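Each chain, letter by letter, is given below.
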Amino acid sequence: RDGDEIPWAEIQTAVGEFDSFEDAITYFNRVFLPYPDYLYDRMCFIVDEDENFVATATAWFKEDEIRRYPLLHWVSTDPKYQGRGFGTSVSKYAVRLFNITDPEEDEIFLHAHTWGYRFVGLGYKMGFRVSMKPLLNRTTHPDFMDIIEKELPKKITNDLMGEDE
């Protein structure tokens, strides 16, 4: 809804994605606001019984001259609510939206930071795997697995890369 950029920016700032609320709003206005028709159908929130915004995820996309790439994007849970499954719930809901928004696509991409190892684990449980092929001038950071292996079990890190134990 109109105005949801405020709680989106608050959550993203609270989890450290942006240095300031103003930076988050600037990003939102530049990346999402030009696409209001998409935005209303693709940005998801979980709110509690008091209408506090708890978690968010976006069934977004990146484009190049060849195609649109479905992208599970900006999944975050307010730190006060983390560890209760809200990130999983909002992510699963957003992924299901791709059946409506991008029914012809058979791949969904997930952007994760190396410091977001808990989110990498969540993506793994949802069936995501690491791709080393470049996507829109982005590649998997070469130290990604070294960093993730310090935080996640070996079985998961092997599966992420499609390796046997």
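For the structure itself, look to the data block above.
Rules used throughout
- Residues numbered from 1 in each chain as written.
- Predicted model: local features only at pLDDT ≥ 70, side-chain atom pairs only at ≥ 80, totals over all residues.
- Heavy atoms only, no water.
- Salt bridge = Lys/Arg side-chain N within 4 Å of Asp/Glu carboxyl O.
- Buried < 20%, exposed > 50% of the residue type's maximum accessible area, 1.4 Å probe, protein only.
- Helix = DSSP H or I, 4+ residues; strand = E, 2+ residues; numbered from the N terminus.
- Pairing = 2+ DSSP bridges.
- Phe/Tyr/Trp six-rings, centres within 6.5 Å; stacked < 30°, edge-to-face > 60°.
- Arc of directions from axis to C-beta.
- Contact = heavy atoms within 4.5 Å.
- Axes fitted to C-alpha atoms, helices over the stretch in contact; angles between N-to-C directions.
- Parallel < 35°, antiparallel > 145°, perpendicular 65-115°, else oblique.
- Left-handed = near helix turned anticlockwise from the far one by under 90°.
- Nonpolar A, V, L, I, M, F, W, Y, C, P; charged D, E, K, R; others polar.

Enquirer: Whenever I open this one, the pattern of salt bridges confuses me. Can you help?
Expert: Under the counting rule described, the total for this entry stands at five salt bridges. Of the charged contacts, one joins Asp 78 and Lys 80 as a salt bridge, the two residues approaching to 3.3 Å between their closest N and O atoms. Look at Lys 80 and you get exposed, because its relative accessible area is 60%. In the salt-bridge network here, residues are joined through shared partners; they are Arg 67, Glu 105 and Glu 107.

Enquirer: Mind showing me how you'd approach the pairing of strand 2 (residues 53–63) here?
Expert: Within a regular beta strand, the side chains point alternately toward one face of the sheet and then the other, so they alternate between its two faces. Strand 2 sits mainly inside the fold: eight of its 11 residues count as buried. Pairing of strand 1 (residues 43–47) with strand 2, which is carried by five bridges, proceeds in the antiparallel orientation. Paired with Met 43 across the two strands is Thr 58, which belongs to strand 2. What sits between strand 1 and strand 2 in their antiparallel hairpin is a turn of five residues, with Glu 51 showing a positive phi close to 70°. As paired elements, strand 2 and strand 3 (residues 68–77) share eight bridges and run antiparallel to each other. What sits directly across from Thr 58, in strand 3, is His 73. Connecting the antiparallel pair strand 2 and strand 3 is a turn made up of four residues.

Enquirer: Is there a simple way to explain the packing of aromatic side chains in this structure?
Expert: The geometry of two aromatic rings is summed up by the distance between their centres and the angle between their planes. Applying the stated criterion to the full structure yields 19 aromatic pairs. Between Tyr 35 and Tyr 38, the aromatic rings sit 6.0 Å apart at their centres with planes inclined by 35°, giving tilted as the arrangement. A ring pair is formed by Tyr 35 and Trp 60, whose centres lie 5.9 Å apart and whose planes are at 75°; its orientation type is edge-to-face. Here Tyr 35, found in the loop between helix 2 (21–31) and helix 3 (36–42), pairs with Trp 60, found in strand 2; they are 25 residues apart in sequence, far enough to count as distant.

Enquirer: Would you mind showing me how to read helix 2 here?
Expert: Quick reminder: α-helices carry 3.6 residues per turn. Residues three or four places apart thus point the same way. Taken as a whole, helix 2 has its buried residues at Ala 24, Ile 25, Tyr 27, Phe 28 and Val 31. Down the axis of helix 2, the buried side of the element spans an arc of 160°, and every buried residue falls inside it. Those residues of helix 2 that are exposed and aimed more than 90 degrees away from the buried face are Glu 22, Thr 26 and Arg 30. On its buried face, helix 2 sits against helix 1 (5–14), helix 3, strand 1, strand 2 and strand 3.

Enquirer: Hey, could you run me through the side chain of Arg 42 in this one?
Expert: As for its placement among the helices and strands, Arg 42 is situated in helix 3. Excluding anything up to four places from it in sequence, Arg 42 contacts Ala 57, Thr 58, Ala 59, Trp 60, Phe 61, Arg 68, Leu 97, Phe 98, Thr 101 and Asp 102.

Enquirer: Whenever I open this one, the packing of helix 1 against helix 2 confuses me. Can you help?
Expert: Between two packed helices, what matters for the description is the angle formed by their axes and the separation of those axes. Where helix 1 meets helix 2, the axes come as close as 9 Å, and the angle between the chain directions of the two elements is 125°. Accordingly, the angle class assigned to the pair helix 1 and helix 2 is oblique. Helix 2 is crossed by helix 1, and the crossing has right-handed handedness. In this structure, helix 1 contributes Glu 5, Ile 6, Trp 8, Ala 9, Glu 10 and Thr 13 to the contact, and helix 2 contributes Phe 21, Ala 24, Ile 25, Tyr 27 and Phe 28. In the contact of helix 1 with helix 2, the residues fall into eight nonpolar, one polar and two charged.

Read these as layout, nothing more, since geometry by itself doesn't imply function.
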